[in-house]
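# Results of the structural survey
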4 protein chains.
Amino acid sequence: MFSLLGGTPLWANRKGLRMCTDELLKKVLKANLELVEHRLVVFTWGNASQIDRVRGIVAIKPSGVPYQGMRASDMTVVDLDGNVLEGKFKPSSDTPTHLELYKRFPSIGGIVHTHARWSTIWAQACRDIPPYGTTHADYFHGPIPCMRKLSPVEIRNDYELNTGKVIVEGFTQRNIDPVAIPGTLVAGHGPFAWGRDAMDAVHNAVVMEECAMMAAHSEVVNPAIIEIEQPLLDKHYLRKHGKEAYYGQQSG
Amino acid sequence: MFSLLGGTPLWANRKGLRMCTDELLKKVLKANLELVEHRLVVFTWGNASQIDRVRGIVAIKPSGVPYQGMRASDMTVVDLDGNVLEGKFKPSSDTPTHLELYKRFPSIGGIVHTHARWSTIWAQACRDIPPYGTTHADYFHGPIPCMRKLSPVEIRNDYELNTGKVIVEGFTQRNIDPVAIPGTLVAGHGPFAWGRDAMDAVHNAVVMEECAMMAAHSEVVNPAIIEIEQPLLDKHYLRKHGKEAYYGQQSG
Amino acid sequence: MFSLLGGTPLWANRKGLRMCTDELLKKVLKANLELVEHRLVVFTWGNASQIDRVRGIVAIKPSGVPYQGMRASDMTVVDLDGNVLEGKFKPSSDTPTHLELYKRFPSIGGIVHTHARWSTIWAQACRDIPPYGTTHADYFHGPIPCMRKLSPVEIRNDYELNTGKVIVEGFTQRNIDPVAIPGTLVAGHGPFAWGRDAMDAVHNAVVMEECAMMAAHSEVVNPAIIEIEQPLLDKHYLRKHGKEAYYGQQSG
Amino acid sequence: MFSLLGGTPLWANRKGLRMCTDELLKKVLKANLELVEHRLVVFTWGNASQIDRVRGIVAIKPSGVPYQGMRASDMTVVDLDGNVLEGKFKPSSDTPTHLELYKRFPSIGGIVHTHARWSTIWAQACRDIPPYGTTHADYFHGPIPCMRKLSPVEIRNDYELNTGKVIVEGFTQRNIDPVAIPGTLVAGHGPFAWGRDAMDAVHNAVVMEECAMMAAHSEVVNPAIIEIEQPLLDKHYLRKHGKEAYYGQQSG
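As the structure is a prediction and not an experimental result, all values here were calculated from the model.

## Remarks on the pattern of salt bridges
Summed over the entire model, instances satisfying the criterion amount to 44 salt bridges over all chains. Between Glu229(A) and Lys149(D) there is a salt bridge, and its shortest N-O distance comes to 3.0 Å. Taken as a pair, Glu229(A) in the loop between α7 (198-221) and α8 (230-240) and Lys149(D) in the loop between α4 (134-137) and α5 (152-156) lie in two separate chains rather than in one. The salt bridge involving Arg239(A) is made with Asp94(D); its shortest N-O contact spans 3.7 Å. Here Arg239(A), found in helix α8, pairs with Asp94(D), found in the loop between β4 (84-86) and α2 (95-104), and the two come from separate chains. Accessibility classification places Arg239(A) together with Asp94(D) in one group, the buried group.

This is the structure:
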């Protein structure tokens, strides 16, 4: 798995982030507010979280609390078993999904879930978002996969945990690297995106939304459209990621 | 009817709201302004109302008055027969529709009518909005039904009253619980949404608009799309509503 | 012609508006700025004008001047032959179209031209906008007609004048009352809307844009869609217009 | 080539712009910020540049630097071989494309690249944007051409330079005047637009976005749509450009 990247996940060479809880809460608050800023959420339909892998704790948005006036101290801190360690509110009802992804995708540091319109449209259509252009390739090194539907049993009990399990199952079975494809669609539900931290996950959620919108309309403009070629997909992804990256100011 | 919820409408266990008229007017004003905030209305194309069931009075937006600069004292108070009790303006021309719904749907406390784009698109298309995802299921426990067209006779006389009657007829004939499906489409016209009070009705109108937009495009992205399965529909609806609700901070 | 309304155009019983030039300029400025407010124009792609029928003068936006920072004194005043009477700028290049409409449609008092997205989409598609709902019927008492294309000769010389002539020809040949249908599409170009004054023309331009957007999508949601029935079309139009109007606060 | 315009490119009779570096940087900054203002860019997905042809220098946005808080002194100045002359940041990774266009299209003075939604949708669909209306004709005197895909070899080495070469090749082979058609689509990637300076390039990028959006939907509203006729295309283009222009205040 992850062979393209030489077996070394891009974020794996970073030490687990060590930060005080206050800093973690501030970062998670900021990421949640960015979701509103980028118009990815309506009402309370979204949540962002970030993990401190050294301490094994996750800060996440509380359940059903409005974004307006939200403060860092309103975030909830849980351990990887879902026990609330800090915070006056219940954590997001999607917390078990987040925790399952943190456990099984060790190289991710932040997760975002929304019901953003265009990503959700593809999730409802139960289709992968095909890579039709370089905007997609700049961040997702292949189709953004749509997971299988949950079974009635999986829905009835431990629904949110099973949502996470279905995502992990899908990535494993299709041999998809969650670093190279930092997001997914849950069939009939909506998108999850992740990244090296909560803000990076927000960033990838915004990209997914742009790609979802453009892919839908590109198919209307040209029903015979095909995915971009592998060399272009590789070029753009690797222009921004990995050792050969030369986009931005930090490449070396 | 309403069997899924065990015969107990969700809002029925609340006492009719008792509040002074000033408070009622303020709430109705706020709900009307929220319609603008959520971009559901253009010009004066929308109205929100709320009922005080103890006193049997309804406060509603005046007819054709601009939202900008609107004050609580501009709202009109009517009784259930449509007699104006307070206010310097004529009530919304849609008042007879509101009153019919309040009379026949005893568990609702607020109503909203708009010509919001996506909901109206489905109303003009004379189609139910199918539940294609959990965003829909979180608030509407099944398709958002489109009512039949009014007959020429129903249009010519008591048009607005007949609009209300056609809604009640549609919900009755199709055995739809107005608490579980807090909104509808009037064919060739537009959406009505309701809730436990005016603000909740606004909330449901916003949700309907999101679902309408996403459903239309999901069908384009996947013309073979099918509705989400009953277990997922139940799960999401009951996650937010009823005794077993666990979303948000108020569940038990 | 105009038989439905009993031969009495709705605005014809008003005396031609008598106002000082300053007031006229202010009203035309305000209408032009409203076009921006309602997001109907990009850059300088739009213009609004108003006529003082007593004095036989028309105030119109200058050609190609940006909206930002525009003042009433930047408007240009012309007579019905297009002679500039006041103003430091050349009038809009579309002035001959406006003047032709004012001459031939004596009951209109204001005109707006834009390249607003959805109205222009229908103009480019060379199709009438069908009345699919009451939003349309509230303001346009039938389809919003798309005019025929101009011939090469009509394009080459006096293009803008011929644009006006083609509109008048279309309304005459199809026996359409410009009061009952206060707007049109010029094929391959864009919309013109009018009304009793410049602000009313802006209002109708906004309505046309809403109807154009919703009609396009209603056809996608239901390809077998049909126009609303005549009784509903009549009901909604006459609810807001004519002697029997009961919408708003001014009905009698 | 360029026969319609009589062999005299519209901007060619201007002397190369002579300005101090500070002024050039300010203009390039302003153009980049206008991209954000017109909502053509998300994150850092866009860049604008301007050339001083007398001095042979180009100012361009730095690579991957956020727009918020950007200052004129953050721009990078390069010569036509891509050597950095001034600036603390690496220039945009698309700089080689810009330079190739400046070298081969001597009459252009500014270039913009974005991933704007509607233009990118057509680029992903690998289709020219047909001229369906006068909005298009006002600025683009024919279809906005979509270039061929790059070969794997062209992608692998000197990708950005080759992107520029493919654009020049496309315009040359199709005998398209880059002054009459001030923009293009790179297949599977996105739009480039240009103009007499950076701000004019932004202007043309905005126009392309409007035309792309409207063309896509005009085809849905009328699948049998055809391009506007040559006389109308000529009329509108020449109304705003060339010796006979009469739109705006500067025509002679």
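## Here we look at the relation of the copies chain C and chain B
Of the transformation placing chain C onto chain B, the axial shift is 0.0 Å and the rotation is 90°, giving an RMSD of 0.0 Å. Here the symmetry operator amounts to a four-fold rotation axis. Ranked by how close their C-alpha atoms come to the rotation axis, the residues of chain C are headed by Val220(C), at 5.9 Å. A share of only 6% of interface residues in chain C that are also interface residues in chain B marks the association as one of differing surfaces.

## Describing the relation of the copies chain A and chain D
Take chain A, turn it by 90°, move it 0.0 Å along the axis, and it overlays chain D with an RMSD of 0.0 Å. The overlap is low: 6% of the interface residues of chain A also sit at the interface in chain D, so different surfaces are used on the two sides.

## A few points about the sheet that holds strand β6 (residues 183-186) of chain C
All names here are of chain C. In space, the seven strands of this open sheet follow the order β4-β3-β2-β1-β5-β7-β6, with antiparallel pairing throughout. Taken across any chain shown, the strands that pair with only one partner, and hence form the sheet edges, are β4 (84-86) and β6. Strand-to-strand twist across the sheet, computed as the mean angle between neighbouring axes with direction ignored, equals 25°. Relative to β4, strand β3 (residues 76-79) runs antiparallel, the two sharing two bridges. Bridging from a neighbouring strand, Val 78 pairs with Val 84 of β4. Against the sheet, helix α7 (residues 198-221) contacts β1 (46-52), β5 (110-114), β6 and β7 (190-195), and its axis sits at roughly 135° relative to β7.

## Concerning α8(A)
Within the span of α8(A), buried status applies to Leu232(A), Leu233(A), Lys235(A), His236(A), Tyr237(A), Arg239(A) and Lys240(A). Contacts from the buried residues of α8(A) go to α4 (134-137) of chain A together with α5 and α6 (159-173) of chain D. Two residues or fewer past α8(A), Gly242(A) is found with a positive phi of approximately 90°.

## Some words on the sheet that holds strand β1 (residues 46-52) of chain B
Residues and elements named next belong to chain B. Spatial strand order, β4-β3-β2-β1-β5-β7-β6: seven strands in an open sheet with antiparallel pairing. The open sheet terminates on both sides in strands that have one partner only, identified here as β4 (84-86) and β6 (183-186). Across this sheet, the average inter-strand angle for adjacent strands is 25°, counted without regard to direction. Pairing of β6 with strand β7 (residues 190-195) involves four bridges; the strand directions are antiparallel. Considered in β7, the bridge of Gly 183 is made with Ala 193. Relative to the sheet, helix α7 (residues 198-221) contacts β1, β5 (110-114), β6 and β7, its axis offset from that of β7 by approximately 135°.

## Points about the state of the cysteines
Residue and element names in this part refer to chain D. Throughout the structure, instances matching the rule amount to zero disulfides over all chains. Cysteine Cys 146 remains unbridged, with the sulfur of Cys 126 as its closest cysteine sulfur at 5.3 Å. Exposure remark for Cys 146: the relative accessible area of 10% places this residue in the buried category.

## Digging into the interface of chain A and chain D
At the junction of the two partners, chain A supplies 35 residues and chain D supplies 31 residues. Summing both sides of the interface, chain A and chain D together bury roughly 3000 Å²; the carbon and sulfur share of this comes to 56%. A per-residue breakdown of the area chain A buries against chain D is headed by Val221(A), Tyr247(A) and Gln249(A), which together make up 21% of the total. Inspection of the region where chain A meets chain D yields four salt bridges. Linking chain A with chain D are 14 residue pairs in polar contact (both at pLDDT 80 or more), by the criterion used here. Those elements giving two or more residues to the side of chain A that touches chain D turn out to be α4, α7 and α8 of chain A. At 11 residues, α7(A) tops the list of elements feeding residues into the side of chain A that touches chain D. Of the residues assigned to the side of chain A that touches chain D, the class counts are 17 nonpolar, 12 polar and six charged.

## Considering the packing of aromatic side chains
Applying the stated criterion to the full structure yields 20 aromatic pairs over all chains. Geometrically, the ring pair formed by Trp45(B) and Tyr139(C) is tilted, given 5.8 Å between the ring centres and 45° between the ring planes. Highlighted residues: Trp45(B) in the loop between α1 (21-37) and β1 and Tyr139(C) in the loop between α4 (134-137) and α5 (152-156), drawn from two different chains. Owing to a relative accessible area of 8%, Tyr139(C) belongs among the buried residues under this scheme. Arranged with centres 5.6 Å apart and planes meeting at 55°, the rings of Phe105(B) and Phe171(B) form a pair that is tilted. Of the two residues, Phe105(B) is situated in the loop between α2 (95-104) and β5 and Phe171(B) in helix α6 (residues 159-173); the sequence distance between them amounts to 66 residues. An aromatic cluster of three or more residues is present, and its members are Phe43(A), Trp45(A) and Tyr139(B). Its end group placed over the ring of Tyr67(A), Lys61(A) keeps NZ or CZ at 4.9 Å from the ring centre.

## As for the interface of chain C and chain B
Contacts between chain C and chain B engage 35 residues on the former and 31 residues on the latter. Along the contact surface separating chain C from chain B lie four salt bridges. Residue Arg239(C) pairs with Glu160(B) through a salt bridge whose shortest N-O separation is 2.6 Å. One can count 14 residue pairs in polar contact (both at pLDDT 80 or more) joining chain C with chain B. Of all the secondary structure elements, the ones that give two or more residues to the side of chain C that touches chain B are α4, α7 and α8 (230-240) of chain C. Among the elements that line the side of chain C that touches chain B, the one with the most residues is α7(C), at 11 residues. Here the side of chain C that touches chain B is built from residues that sort into 17 nonpolar, 12 polar and six charged.

Each value, and the rule that gives it
- Residues numbered from 1 in each chain as written.
- Chains lettered and ligands numbered in written order.
- Predicted model: local features only at pLDDT ≥ 70, side-chain atom pairs only at ≥ 80, totals over all residues.
- Heavy atoms only, no water.
- Salt bridge = Lys/Arg side-chain N within 4 Å of Asp/Glu carboxyl O.
- Helix = DSSP H or I, 4+ residues; strand = E, 2+ residues; numbered from the N terminus.
- Buried < 20%, exposed > 50% of the residue type's maximum accessible area, 1.4 Å probe, protein only.
- Least-squares fit on C-alpha atoms with pLDDT ≥ 70 in both.
- Contact = heavy atoms within 4.5 Å.
- Pairing = 2+ DSSP bridges.
- Axes fitted to C-alpha atoms, helices over the stretch in contact; angles between N-to-C directions.
- Disulfide = S-S within 2.5 Å.
- Buried area = accessible area lost by both parts, 1.4 Å probe.
- Polar contact = N/O pair within 3.5 Å; in protein donor to acceptor, adjacent residues only side chain to side chain.
- Nonpolar A, V, L, I, M, F, W, Y, C, P; charged D, E, K, R; others polar.
- Phe/Tyr/Trp six-rings, centres within 6.5 Å; stacked < 30°, edge-to-face > 60°.
- Lys NZ or Arg CZ within 6 Å of the ring centre and 35° of its normal.

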